[in-house]
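Commentary on secondary and tertiary structure
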Amino acid sequence: MRRKHFLRNLSLALAISLTTPFISSFTSIKAEEISINEPEIIGEAAITMDIETGEVIYSKNADAIMSPASTTKLMTSLLFAENKNKSDIISYTETAKKITETSLNNFINAKVGDRISADDVMKAVMIYSANDTAYLMAENVAGTVDEFVKMMNEKAQALGLKNTKFYNPSGLEIDPLNPSNTNINQTTAYDLAVIAIEAFKNDWIRETIAPKSGNISIALGNQTMLIEFRNKVIGKNGNIGGKTGTEEQAGHCFVGFYERNGRQLVTVVLKSEYGLDGLNVFKDTEKIADYSYSTDKQIYKNAGEEIGTIDLTYKSFRFFGPEKTVTAPLILNTDVNYYKNSYNDEHASISYNGEEKNAWKLAGEDDLKLTYSSGLYSEEVSASVKLSAFDLIKANIALYLLALLIIVITIALIIFIIKIVNIRKRRRRRRRY
């Protein structure tokens, strides 16, 4: 948005320049230092995430709330792809015609009612980043733009994104339908990466953003436009697609998709500077992509470390008696590795999610299944419960002695009563004779 446009090959067509149950007493492990190998980038927030596993490999201010600009259209296109088919025919609307910034209508005289295929709508949004067709997507999926925005926010909630809020389907920071509205879309690098992964999983979107040979054309009504990719690293160094965005508050943004040696990553850079050549955000992206493919995991927790405690309950006499609580240390059985970065240092944790909390049953357990997690990623790890049945008995020895004393007294009392009864019976017999 707010980019330079020019016409190309007017005799043939118009072309446009394409410029994310509890163990108690756990403490989070904070970053002692960030790896000196991490790249320095201009972007104020960034993240790299493994598309298959969800592991965060690189991060910089990944939880900072920022404007996503046109990278918003990843969510818009995802909802469109989930509700429409490529072959559907869409009619150009009055609302779409009102959108003048970075729109198809700037270069062809679009008329309300002009027809365009859903596949060309997808190309217009994901390749050229046309704002009018983003609103066209919204109206055709939900009936109105407002209802579509509700769908966007519901989808964000369903993905577990707590720091994302949408107000329009395009990412424009000045609402073309209500210029006095000061609300702008907001998200974080982490949340946007989660949205991007969901979009990338969709075949239609993934095929649209993939490298193509030659020019790409779209048809609206009886007019045709040739469009090129705004993504300046498409097809280079493993880049297999992406979505750009530029706005005043957002700066220059880019979500990139990479594949090298069969491993797919998503990169997000927010609020980079445009620069003289408009390539800073792409340079940032390639730096963090290169780093993410080359870096290795480090130790998060070592085998043999006490990683926390677990609160267990039990009855003193196993199946009856007063219920008590005991806190047992947990000792990790194997090393747990992670990608060391600011996001994981803040969010990584090891927790017990099992239902069994009976101390008698877990005492001496040497293979308790715990979960290491950070963001989307999780894996099962093993720990030993540093608690024995003898520990439980020792903790209740006074109660057991008291119980034993009561039992002895009770037995003695019963014997005494029996003796008294027998003595009285013998006396009665003597009186009879």
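The text that follows walks through the structure, step by step, so that each part is easy to find. (Residues numbered from 1 in each chain as written. Predicted model: local features only at pLDDT ≥ 70, side-chain atom pairs only at ≥ 80, totals over all residues. Heavy atoms only, no water.)

Remarks on the side chain of Asn 168
Looking at the secondary structure, you find Asn 168 in the loop between helix H5 (145-158) and helix H6 (189-200). A polar side-chain atom of Asn 168 sits 2.7 Å from the main-chain amide nitrogen of Gly 171. In contact with Asn 168, other than residues within four places in its own chain, are Thr 72, Tyr 135, Val 149, Met 152 and Asn 185. (Helix = DSSP H or I, 4+ residues; strand = E, 2+ residues; numbered from the N terminus. Polar contact = N/O pair within 3.5 Å; in protein donor to acceptor, adjacent residues only side chain to side chain. Contact = heavy atoms within 4.5 Å.)

As for the environment of Thr 208
Checked against the element boundaries, Thr 208 lands in helix H7 (residues 203-209). Each C-alpha atom, one on Thr 208 and one on Asp 120, is 9.7 Å from the other, the two residues being 88 residues apart in sequence. Dropping the residues within four chain positions of it, Thr 208 is found in contact with Met 122, Lys 123, Met 126, Ile 127 and Phe 229. Among the polar contacts made by the side chain of Thr 208, one reaches the main-chain carbonyl oxygen of Trp 204 at a distance of 2.7 Å.

Details of the pattern of salt bridges
All told, the structure shown has 16 salt bridges when counted by the stated rule. Among the ionic pairs, Lys 86 bridges to Glu 207, the shortest N-O distance being 2.9 Å. On the criterion of sequence distance, the pair formed by Lys 86 in the loop between helix H1 (73-83) and strand S5 (89-91) and Glu 207 in helix H7 is long-range, its members being 121 residues apart. For Lys 86, a relative accessible area of 37% corresponds to the partly exposed category. Between Lys 369 and Asp 367 there is a salt bridge, with its nearest N and O atoms 3.0 Å apart. Looking at Lys 369, the relative accessible area reads 39%, which means it is partly exposed. Three or more residues are tied together by salt bridges with common partners; here these are Asp 119, Asp 120 and Lys 123. (Salt bridge = Lys/Arg side-chain N within 4 Å of Asp/Glu carboxyl O. Buried < 20%, exposed > 50% of the residue type's maximum accessible area, 1.4 Å probe, protein only.)

Examining the packing of H1 against helix H3 (residues 118-128)
Running from N to C, H1 and H3 point in directions that differ by 170 degrees, and their axes come no closer than 10 Å. The angle between H1 and H3 falls in the class roughly antiparallel. In this structure, H1 contributes Lys 73, Leu 74, Ser 77, Phe 80 and Ala 81 to the contact, and H3 contributes Ala 118, Val 121, Met 122, Val 125 and Met 126. Considered class by class, the residues forming the contact of H1 with H3 number 8 nonpolar, 1 polar and 1 charged. (Axes fitted to C-alpha atoms, helices over the stretch in contact; angles between N-to-C directions. Parallel < 35°, antiparallel > 145°, perpendicular 65-115°, else oblique. Nonpolar A, V, L, I, M, F, W, Y, C, P; charged D, E, K, R; others polar.)

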